[in-house]
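Observations on chain architecture
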Amino acid sequence: MHKIATVIGTTGVGKSQLAVELCKALCGQVINADSMQVYKGLDIITNKMPVHERQDIPHYLMDFLEPEEEYKVTDFQNDATRCIEDLSAKKQLPVVVGGTNYYIQSLLWHSMLITDQETQPKPTELDHLDTQELLTRLQKVDPIMANRWHPSDRRKIIRSLQIYYQTGRPQSEIIKEQQEHHERHGVQARFKSLIFWLYADPSKLNPRLDDRVDTMIKDGLFDEIKSLKKQVVDGQVKLPGQDLEKYQRGLWQAIGYKEFDPYFSAIEQDTHGEKELDKIRNECTERMKSATRRYAKRQVQWIRNKLLPIVAKSKDVDIYLLDATDLDTWETNVRLPAIQVAEAFHKNETMPDPLSLSSIASTMLSPSSSRLDSQTRVLTWQKHTCSVCKAASGESLIVNGDLEWKQHLSSRGHRAALKRQNNATRNQATTQEKRSKINDTTDE
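Note that the structure is a prediction, hence the values are computed from the model and not measured.

Quick notes on the rules
- Residues numbered from 1 in each chain as written.
- Predicted model: local features only at pLDDT ≥ 70, side-chain atom pairs only at ≥ 80, totals over all residues.
- Heavy atoms only, no water.
- Helix = DSSP H or I, 4+ residues; strand = E, 2+ residues; numbered from the N terminus.
- Expected span 1.5 Å × (residues − 1).
- Bend = angle between axes of the 7 residues up to and from the residue.
- Buried < 20%, exposed > 50% of the residue type's maximum accessible area, 1.4 Å probe, protein only.
- Contact = heavy atoms within 4.5 Å.
- Pairing = 2+ DSSP bridges.
- Axes fitted to C-alpha atoms, helices over the stretch in contact; angles between N-to-C directions.
- Core = buried A, V, L, I, M, F, W, Y, C linked by side-chain atoms within 4.5 Å.
- Domains from an automatic or database assignment.

With 17 residues, helix H13 (residues 330-346) should cover 24 Å at 1.5 Å per step; its first-to-last C-alpha distance of 22 Å lies within 8% of that length. Where H13 bends most, the angle comes to about 25 degrees, and this point is Leu 336, followed within four residues by the proline Pro 337. For H13, the full list of buried residues reads Trp 330, Val 334, Pro 337, Ala 338, Ile 339, Val 341, Ala 342, Ala 344 and Phe 345. In this structure, the buried residues of H13 make contact with strand S1 (3-9), helix H1 (15-26), strand S5 (192-199) and strand S6 (317-323). Directly after H13, the chain includes Asn 348, whose backbone phi takes a positive value near 60 degrees.

Laid out in structure tokens, this is it:
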């Protein structure tokens, strides 16, 4: 079984830097596992590590795809596996680095993809239907998955339908079958893997992410977006899908392009004054910062809720958390312990207890009885209706998933709505009581 090291973590936490440092220390080479960095050029919007910072370490599966092309998870799995085999044959340590969660999961374990076939037998028929019609179709053939996805998540709804059309079986049935297989036979790793999870406290990471957005703008983000938009206008690059769907596929998912679309649309209209354009630009900048922070939060949730339960079932996969909260302590908290653990892994020596590296590692890596693996979460997913809060349509608010429901119940908006409802109930009761007393007096 080939050995690999993998570096995961939120955006902007230093994954690429650690990967290079590991390669320098252990004679390794990098395999990119970021779905946006496979595209040619566009180095700023996809956050590629500058070439001069790579210290002559080769980086594979990076900077090779045209903007209008899509790179499916099975493409990555096959290409990355070939790279691992080639590097292992040359006695080089493959160091996989990136934040695309499903890329990592599909590479490290067997039977993590719903289907190995990525053909789409009826793409045109599905593409021209509106999202509600797609959801109605899915409710008929796979009500469990229809309940799982948000009603406006067109991409996931289409994917569930495609799996049904490809296999003749509901996606939820296949997930259940995989889950039963894992329970009987365990989760089988494809490689002997050492995972480094770079973690930074959100209170310290979020300001860094905001600063990085400002730096991206200063370094030429707008030039990249304008160039890409010009290629679309000139017909050199074709946008996938229509409307918001185009932002859910390929390169167009990169944070930054869709967030600044209102700003560049306003420039093209040429009907806005300078102050108004500045206002739109600032709003778009804040939108990009907010999207980046949310993305970082989702990455941590994936590691804790989906990755850790799988690692716990895998005998050939170890995970170590490294505290990257304070960049001033990078040498002692990240680089040195990572190299020490990786050397022991490479030489088949005894490795330290992952919980012993730091207090935050002990907290974040400790087993949780409430943590469910991703397959169980899909099959037990529920939607909740909040009769207290109202959606934009004026109807009762629908909340998707148990975690989101728990967060909603503790949210400021829900508590305020509940308080208003309770006050209204008490006022109504008081009014009724007064009317009753008046009626009693009248009767006397």
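Attention shifts here to the sheet that holds S6. Spatially, S3-S2-S4-S1-S5-S6 is the arrangement adopted by the 6 strands of the open sheet, whose pairing is parallel. Edge positions in the sheet fall to strand S3 (59-60) and S6, since each has one partner strand and no second. Two elements, S1 and strand S4 (residues 93-97), share 3 bridges in a ladder whose sense is parallel. Directly across from Val 7, in S4, lies its bridge partner Val 97. Across the sheet, helix H3 (residues 101-108) touches S1, S4 and S5, and the angle it forms with S1 is around 160 degrees. Contacts between helix H12 (residues 274-312) and the sheet are confined to S1, S5 and S6, with S5 contributing the most and set at about 150 degrees to the helix.

Formed by 66 residues in total, the largest nonpolar core has its most connected members in Trp 109, Trp 197, Leu 221, Phe 260 and Ile 319. Looking at this core, the element that brings in the most residues is H12, giving 12 residues. Shared between two domains, this core takes at least three residues from each, and those domains are domain 1 (3-110 + 187-203 + 295-373) and domain 3 (218-292). Filtering out sequence-adjacent residues up to four positions away, Phe 260 remains in contact with Ile 217, Leu 221, Phe 222, Ile 225, Arg 281, Cys 284, Thr 285 and Met 288. Grouped together as the second largest cluster of nonpolar side chains are 32 residues, Ala 19, Met 49, Ala 296 and Ala 324 included.

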